[in-house]
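# Secondary and tertiary structure notes
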Amino acid sequence: MVTSRRKFIKISALGLGGLALSSSAVNLLAPNPLLDAAVKENIAKKLSRTATYCEVCFWKCAAWAYADETGDIKKVIGNDDDPHCNGRLCPRGTGGIGMYSDEDRLKTPLIRTTINGEETYREASWEEALDLIAEKFTEIKQKYGPESFALLKHGSPGSHLEHLFKAYGSDTIAEPAYAQCRGPRETGFGLTFGSWVGSPEPTDIRDTKCLVLIGSHIGENMHNTQVQEMSDAIDNGATIITVDPRFSTAASKSSHWLPIKPATDIALLLSWMHVLIEEELYNKKYVEKYAIGFEELKAHVKPYTPEWAYGITTIKPDSIRETARLMAAAAPATIVHPGRHVTWYGDDSQRERAIAILNGLLGSWGNRGGFYFKEKISIPKYPHPAYPEPKWGWHEIGQQYPFAEMGNTSEVVKATIPNEDNPYPIKAWMIAGTNLINTLPQREQTLEAINAVEFLVVVDTMPMEITGYADVVLPECTYLERYDGIRSATNRHPSIAVRIPAVKPKYNSKPAWWISKQIGDRIGLGDYFNYNDFEEVIEWQLNKLGTSLDEMKKIGVKNFERTSGPLFLGEGQDYVFGTPSGKIEFYSQELADLGFDPMPVYTHHPQPPQGFYRLNYGRSPMHTFSRTINNPYLSDLKSENTLWVNPRVARILDLKKDQPVWLKNQDGILSAFPIKVRVTERIRWDSVYMYHGFGHNNKKLTRAFGKGASDAELISQIVVDPLMGGTGLRGNFVSILTEDPHKNTMV
Amino acid sequence: MRYAMVIDTLKCVGCSDCVVACQTENNVPHGYCRDWITEAVSGSYPNLELELRSERCNHCANPPCVRCCPTGASHVVEGGIVLVTADQCIGCGACIESCPYDARYQHPDGYVDKCTFCHHRLEKGQQPACVSVCPTKCMYFGDLDDPNSEISQLLKNRKHKTLSPEAGTDPHVFYLI
């Protein structure tokens, strides 16, 4: 373990008592025996509604926040005109008021201090905290250059701080959403179609005739539009094929579930291509017109028969043939879904290439029921001086990965650990809206970097694990209490949505735009923040877009006509793809030139040794990452995760339902907390499964602390994607302990 | 007029949005709920079936909770909706015991509480909160007496079931299967 200069502090210690008393308690039904009357009275209450868009996840559904006269938010309801939600939020969005009402929120700025030899936090005024941060910004710039100050971020607060960092001269910016999540699919699809998949995915699920999900668990991930459209597809009688070692919710909605052996997906994808080509089921006209490299692909996949794949994937040859034929019969209205969290085994960009090529063979890209050509409106840039040119930044830090197109958080972490040979030393971090401790694999490495960093600021609404390592903690107000940038959505047609504060910020919390401006003003970057209130920025932008803040406050969402042409390719239409050849690239010369496989190949990945099970993880529909576990509404729905164990495994290990167990991974790392067993047929016998985000160890999260286990803490092995640097997370194996391994350890 | 709810189990993903929407709409205290999700798995790996259901008060036509209520607090109103008048409820819990669906709970303020089909919303011509929020649109609400209503048509054309029909309660929440 790392011996720490920066000890984790459970945010508490000094002087929060007074504030806790004054904090407004969760305001629910006042004691009243007349329930019907009470409910009616509550409904009859003048609730004012304010336009917002959700920040509980990245989907950013537009909504109305309803508040009563006392300024308390009572409910959040989807905006009917929003193409992201069509008036229907997901449980996290509906429970979004818990982000606001959570009494465990960060309440006032905190500064690390030492009292009687103990590291602790003391409350500080915003003035003092911001002055200190500004001082450090200046100091880091003088000592090392601005590039050595990194920003690690997620979501809306990140964009305000990104502006600050770029103005300051640092482009050392990264977010786990890339190298720990969806990066590989952007590389795989980018190399094949010359276009990122992007968010939301331009999948025409609504009108598809065949939806193929590979480890993508729509319905458990509540990516709203995707969930809604999968439901439409079910109504329309679409064929759904799900490939998953677990009987996911989506698998249960599928006509065909292929219970694949983990880590063998590429073998299945290659054999599907084999069937499509050998049986001449692929879309010949489409391939001839739009693709290159078909002959090379044909020769490449010739050996990959379903019989060959059977031995690897455990999927029967007949099932492989049948599903390939179903995909072809529905094509081009077939979607082989790219998935979203795709950093699995290190060859993820190549797996995504295989998925992309399969879609190319079926003619799905640019056809109804496949992938549509998305469109968005670009928001005019509010005028500011040009950003200075940094000497180095995220690109240089991750330059060994030629296809990296965004900052890689793990590489930033590595560049922070002192090393004389490192030309890009990072000395300070600001972290906003992401709990790095539960987001990144290889926790020991993260802690080593945290220990080395000279200054660490965390901006968040909640006391997360990462917050306890900060030198300064800045309490951000929640999305329901602040302005943020205009949401420009990429959909079938463009739309914009606004976020207006529904109520005043609770406690002594502030919006990220204000924090950025305050720091900027203090370090001589005032010209970059030429406004008093972010409202002015939005108003200026909305006017440029032909609307106004007044109008947007009334409607929340504005939809626009498409201007870029039709959603789909016309019959025989010429089309230039964004690849080097202008065609869909089955064979990638770009990859070949750099020494990579020009077409995807199957590589064997380690399988669990005796006594170990592959650690699989995924989403619970009620939670986003680790950020919502303490939310009073969502914690009510799911307060802890369970360990899914096949009954055969339970029999061998004599495990009972709800029995607490501990996990030990291949490197001897133990789960901090016990997790209850769920004996279920829904999981293979070679794997265990748990929902991600649980097992919080910050005691200030009163509902989440110690509930369940954290998958992240058990992911100490990664396999890095050589194309773009993604961290493959699914090569970790755990054994199940029935005795508490910590019982003789002092905590 | 006979209100009923139809829930398509083929579309429900069990996300519990209906539960939160009900809690925020009806001020249900934390730790309690008027509706909930049931997951039923059958078969063995890899021949499995999973049914996800959003459950609540069935607004039975033969409601044991109403029959056993000693004060008349539990009663049936127009459209067949079973309600509880809180100020007449003495919190004896007989109705909780009598309900085969476990649909009622004791509110911390002493009275018994349950799903109202969002009576207050129906009065305004709105759908119950759970129906209007559901991202999969798997829930339908309407008048069973109207043969042309969406729910009547769904029940006419789709295979369906009710829960615990053997209890003889004549439940009015139907599940498409």
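No experiment lies behind these values; they were computed from the predicted model shown. (Residues numbered from 1 in each chain as written. Chains lettered and ligands numbered in written order. Predicted model: local features only at pLDDT ≥ 70, side-chain atom pairs only at ≥ 80, totals over all residues. Heavy atoms only, no water.)

## As for the overall build of chain A
Of regular secondary structure, chain A possesses 26 helices and 27 strands. Since a compact globule built from 747 residues should have a radius of gyration of about 27 Å, the 26 Å found for chain A is in line with a globular shape. Reported as C-alpha extents along the three principal axes, the dimensions of chain A are approximately 75 × 70 × 65 Å. For chain A, the residues scored as buried account for 64% of the 747 residues in total. Long-range contacts, defined as pairs at least 24 residues apart, comprise 75% of the intrachain contacts of chain A with a sequence gap of at least 6. (Helix = DSSP H or I, 4+ residues; strand = E, 2+ residues; numbered from the N terminus. Rg over C-alpha atoms; globule rule 2.2 N^0.38 Å. Buried < 20%, exposed > 50% of the residue type's maximum accessible area, 1.4 Å probe, protein only. Contact = heavy atoms within 4.5 Å.)

## Concerning the interface of chain A and chain B
Counting residues at the interface gives 53 residues for chain A, matched by 54 residues for chain B. For the pair chain A and chain B, the summed buried surface comes to about 4300 Å²; carbon and sulfur atoms form 58% of the total. The partner of E39(B) in a salt bridge is R682(A), with the nearest N and O atoms 2.7 Å apart. One can count 16 residue pairs in polar contact (both at pLDDT 80 or more) joining chain A with chain B. (Buried area = accessible area lost by both parts, 1.4 Å probe. Salt bridge = Lys/Arg side-chain N within 4 Å of Asp/Glu carboxyl O. Polar contact = N/O pair within 3.5 Å; in protein donor to acceptor, adjacent residues only side chain to side chain.)

## So, the domain arrangement of chain A
Residues and elements named next belong to chain A. Its domain assignment divides chain A into domain 1 (1–38 + 107–175 + 407–476 + 514–522), domain 2 (46–101 + 477–510 + 531–573), domain 3 (193–374 + 577–593) and domain 4 (613–737). Between domain 3 and domain 4, the C-alpha centre-to-centre distance is 28 Å. Listed as interface residues are 26 residues of domain 3 and, on the opposing side, 27 residues of domain 4. For the pair domain 3 and domain 4, the summed buried surface comes to about 1900 Å²; carbon and sulfur atoms form 53% of the total. Joining domain 3 to domain 4, the criterion identifies 0 salt bridges. Across the contact surface, domain 3 and domain 4 share 11 residue pairs in polar contact (both at pLDDT 80 or more). Of the residues forming the side of domain 3 that touches domain 4, the biggest block, 3 residues, is contributed by helix α15 (residues 348–362). When the residues that make up the side of domain 3 that touches domain 4 are grouped by side-chain class, the tally is 10 nonpolar, 11 polar and 5 charged. (Domains from an automatic or database assignment. Nonpolar A, V, L, I, M, F, W, Y, C, P; charged D, E, K, R; others polar.)

## Focus: the side chain of D113(B)
Residues and elements named next belong to chain B. Structurally, the position occupied by D113 is in strand β7 (residues 112–113). In this structure the side chain of D113 is engaged in a polar contact, spanning 2.9 Å, whose partner is the side chain of R34. At 2.4 Å, the side chain of D113 and the side chain of Y105 are in polar contact.

## A few points about the nonpolar core
In this structure, W272(A), M273(A), L297(A), M327(A), L358(A), L361(A) and F586(A) are the most contacted members of the largest nonpolar core, which totals 67 residues. The contact partners of M327(A), leaving out residues within four places of it in the chain, are C210(A), V212(A), I241(A), W272(A), T334(A), V336(A), L358(A) and L362(A). Counting 58 residues, the second largest nonpolar core, distinct from the first, contains C54(A), L637(A), C57(B) and C99(B). (Core = buried A, V, L, I, M, F, W, Y, C linked by side-chain atoms within 4.5 Å.)

## Points about the packing of helix α5 (residues 126–144) of chain A against helix α6 (residues 155–168) of chain A
Residue and element names in this part refer to chain A. Packing of α5 against α6 brings their axes to within 12 Å, and their N-to-C directions diverge by 40°. Between α5 and α6, the interaxial angle falls into the category oblique. Taken as a pair, α5 and α6 cross one another with a handedness that is right-handed. Counted together, F137, I140 and K141 of α5 and L164, F165 and Y168 of α6 form the full contact between these two elements. When the residues that make up the contact of α5 with α6 are grouped by side-chain class, the tally is 5 nonpolar, no polar and 1 charged. (Axes fitted to C-alpha atoms, helices over the stretch in contact; angles between N-to-C directions. Parallel < 35°, antiparallel > 145°, perpendicular 65-115°, else oblique. Left-handed = near helix turned anticlockwise from the far one by under 90°.)

## So, the packing of α6(A) against helix α20 (residues 512–522) of chain A
Residues and elements named next belong to chain A. Running from amino to carboxyl end, α6 crosses α20 at an angle of 15°, the nearest separation of the two axes being 8 Å. Relative to α20, the element α6 is oriented roughly parallel. Crossing hand, α6 versus α20: right-handed. The residues of α20 that touch α6, namely those facing P157, H160, L161 and L164, are A512, W513, S516, I519 and G520. Here the contact of α6 with α20 is composed, by residue class, of 6 nonpolar, 3 polar and no charged.

## Structural notes on the packing of aromatic side chains
Residue and element names in this part refer to chain A. Considering all chains together, one arrives at 41 aromatic pairs over all chains under this definition. Seen in terms of ring centroids, Y531 and F534 are 6.0 Å apart; in terms of plane orientation they differ by 80°. Their pairing is edge-to-face. Both residues of the pair, Y531 and F534, belong to the buried class. Sitting over the face of the ring of Y617, R730 holds its NZ or CZ atom 4.5 Å from the ring centroid. (Phe/Tyr/Trp six-rings, centres within 6.5 Å; stacked < 30°, edge-to-face > 60°. Lys NZ or Arg CZ within 6 Å of the ring centre and 35° of its normal.)

## Side note on the pattern of salt bridges
The full count for this structure, using the stated rule, is 59 salt bridges over all chains. Linking R443(A) and E713(A) is a salt bridge whose minimum nitrogen-to-oxygen distance equals 3.7 Å. Pair noted here: R443(A) is in helix α19 (residues 443–452) and E713(A) is in helix α26 (residues 711–714), with a separation of 270 residues, a long-range link. Note that D8(B) is salt-bridged to R158(B), the shortest N-O span being 3.0 Å. Here R158(B) lies in the loop between α6 (150–157) and β9 (160–161) and D8(B) lies in strand β1 (residues 3–8), a separation of 150 residues in the sequence. Classification of R158(B) by relative accessible area gives partly exposed; the value is 25%. Here the residues in one salt-bridge network are E55(A), E476(A), R482(A), D484(A) and R499(A), joined through shared partners.

## Details of the sheet that holds β1(B)
Strands belonging to one sheet form pairs held by backbone hydrogen bonds; the direction of such a pair is parallel or antiparallel. Residues and elements named next belong to chain B. Spatially, β8-β1-β10-β9 is the arrangement adopted by the 4 strands of the open sheet, whose pairing is mixed. On the outer flanks of this sheet lie β8 (139–143) and β9, each paired with one strand and no other. As paired elements, β1 and β8 share 5 bridges and run antiparallel to each other. Bridging across to β8, V6 finds its partner in Y140. Against the sheet, α6 makes contact with β1, β8, β9 and β10 (173–176), and its axis sits at roughly 110° relative to β8, the strand it touches most. (Pairing = 2+ DSSP bridges.)

## Some details on helix α12 (residues 294–301) of chain A
Each α-helix winds once per 3.6 residues, and so residues spaced three or four apart point in a common direction. Residue and element names in this part refer to chain A. Turning to α12, its buried residues are F294, L297, H300 and V301. Take α12 and look down its axis: the buried residues cluster within an arc of 120°, on one side only. Seen from the buried face of α12, the exposed residues on the opposite side, beyond 90 degrees, are E295 and A299. Where α12 is buried, its residues meet α10 (265–278), α11 (284–290), β11 (291–292) and α15. (Arc of directions from axis to C-beta.)

## A short note on the environment of K391(A)
Residue and element names in this part refer to chain A. Mapped onto the elements, K391 comes out in the loop between α15 and α16 (394–397). Residue classification places K391 among the exposed residues on the basis of a relative accessible area of 72%. Along the primary structure K391 and E280 are separated by 111 residues, whereas in three dimensions their C-alpha atoms are 53 Å apart.

## Considerations on the sheet that holds strand β6 (residues 149–153) of chain A
Residue and element names in this part refer to chain A. Read from one edge to the other, the open sheet built from 7 strands follows the order β5-β4-β15-β14-β13-β6-β7, with strand pairing classed as mixed. Only two strands of the sheet have a single neighbouring strand rather than two, namely β5 (118–123) and β7 (173–174). Where β6 and β7 come together, 2 bridges link them in parallel fashion. In the strand pairing of β7, L152 is matched with A174.

## Some details on helix α21 (residues 534–544) of chain A
Residues and elements named next belong to chain A. Along α21, the residues that are buried comprise F534, V537, I538, Q541 and L542. The buried residues of α21 all sit within an arc of 125° when viewed along its axis, so they share a single face. Each element contacted by the buried residues of α21 is listed here: α6, β17 (495–497), α20 and α22 (549–555). Two or three places before E535, at the opening of α21, D533 has a side-chain oxygen 3.0 Å from that residue's backbone nitrogen.

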